[in-house]
Amino acid sequence: MALEDLSIGPKRPAAASTADTKVTAGRMELKNPVLVASGTFGSGREGSSFIDISKLGGIIVKSMTLQPWKGKPTPRMCETPSGMLNAIGIQNKGVDHFLQEDLPWLLKKNATVVASIAGNTVEEFVRVADKIRTGGRGVAAVEINISCPNLEDRNNMFAHSPKATAEVVTSVKEALKKTMVFPKLSPNVTSLSEIAEAALNAGADGLSLINTVVGMQIDTQTRLPKLAGTYGGLSGPAVHPIAVRAVHEIHRAFPEVPLIGQGGIATADDALQLILAGATAIAVGTANFVDPMAAMKVQQGIALYMERNGVTDMEELIGAVKVEG
Ligand SMILES: Cc1cc2nc3c(=O)[nH]c(=O)nc-3n(C[C@H](O)[C@H](O)[C@H](O)COP(=O)(O)O)c2cc1C
């Protein structure tokens, strides 16, 4: 089949399909494997004027912290070849706003909600998790955004240290009790498997990967960094091969662990690559800024691929890449 058949360009919307795209990620049942990535779809309100959000596999909401965060100074986004660089700094209205305003609205819309939590100390993560346990009925799972500076470790990202990763995951898991947790790993490490192992030994139910890749761009006229925060996170098609490799590496090391694959998905073909590499579910991120219907089109493209290839169960595709040796 020609790859362009799975493209999601607005001129070529995929045909409706009858293939069953349900997946189970640990104890989480998803209507289909296509979620939207944290920070790229807000809490779903804007997106809901373009798509029926109940039809998404799920919405991973913007990362939330204990108190509202203003984020970093502007400019905090710039375009790059095949991607974008951002240093938003987790601007958000805080966990109380999520619980009082966003969550009830999302549940009323029949959306599957994955809460994303962030913090600068282990205690802050725990306090956000505590609030979700007591006030977050209906949350399907929690993604732990450990790509945050750890104030107790000279601002090193939690996700860059097996010890800090384990501390956050153990504590959040303990606070949440039953809710599934998916720590979100950073690709900016020497050994991703080592961090994954630390997270899993600490009780992670699954893993999300990847978060953005650290980068920098310079305006040659002014000689200033293009972002006020100097460095930012690279996302979009440029990072897709890194995401496919990361998912493949972690699936090979821990084949039983449900993975949410993300990074550079713009088409159904991109999503299918991550699924064949070992992701149980995937999340569309930067592509939402280009086309708010991107996730729906990816979903339709996956169903079409299944139909055309005689695949009746999504599970047949997970990790089905043919790699010798
Ligand atoms: C503008 C922007 C904001 C983001 N905010 C968050 C965030 O709050 N929490 C988080 O875990 N990831 C955040 N991300 C990372 C995405 O969720 C995603 O993991 C990453 O961008 C890779 O996927 P993509 O290439 O499809 O965008 C953000 C990405 C972008 C582009």
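Remember, predicted model here, so these are calculated numbers, not experimental data.

Visitor: Is there a simple way to explain helix H1 (residues 95–108) in this structure?
Guide: In an α-helix, one turn spans 3.6 residues, which is why side chains three or four residues apart end up on the same side. With 14 residues, H1 extends 19 Å between its outermost C-alpha atoms, agreeing within 8% with the 20 Å of an ideal straight helix rising 1.5 Å per residue. Considered for burial, the residues of H1 that qualify are Val 95, Phe 98, Leu 99, Asp 102, Leu 103, Trp 105 and Leu 106. Those residues of H1 hidden inside the fold are in contact with strand S4 (58–60), strand S7 (113–117), helix H2 (122–135) and strand S8 (139–145).

Visitor: Teacher, can you tell me more about the site of the ligand here?
Guide: Neighbouring the ligand are 24 residues, the closest being Ser 38, Ser 63, Gly 236, Gly 264 and Thr 286. Residue Asn 145 places a side-chain N or O atom 3.2 Å away from a nitrogen atom belonging to the ligand. At 3.2 Å, a backbone N or O of Gly 285 approaches an oxygen atom of the ligand. Relative to its unbound accessible surface of 600 Å², the ligand loses 97% to contact with the protein.

Visitor: What am I meant to see in the pairing of S8 here?
Guide: Looking along a regular strand, one sees side chains alternate from face to face of the sheet. Most of S8 is tucked away, with six of its seven residues classed as buried. Here S7 runs beside S8; their pairing, made up of five bridges, is parallel. Within S8, the residue paired with Ser 116 across the bridge is Glu 143. Of the strand pairs in this sheet, S8 and strand S9 (residues 180–184) are connected by five bridges, and their pairing is parallel. Within the sheet, the bridge partner assigned to Glu 143 lies in S9 and is Phe 182.

Reading the values: the criteria
Residues numbered from 1 in each chain as written. Predicted model: local features only at pLDDT ≥ 70, side-chain atom pairs only at ≥ 80, totals over all residues. Heavy atoms only, no water. Helix = DSSP H or I, 4+ residues; strand = E, 2+ residues; numbered from the N terminus. Expected span 1.5 Å × (residues − 1). Buried < 20%, exposed > 50% of the residue type's maximum accessible area, 1.4 Å probe, protein only. Contact = heavy atoms within 4.5 Å. Near = heavy atom within 4 Å. Polar contact = N/O pair within 3.5 Å; in protein donor to acceptor, adjacent residues only side chain to side chain. Areas by Shrake-Rupley, 256 points an atom, 1.4 Å probe, with all protein chains shown as cover. Pairing = 2+ DSSP bridges.

Nothing here speaks to function; it is geometry throughout.
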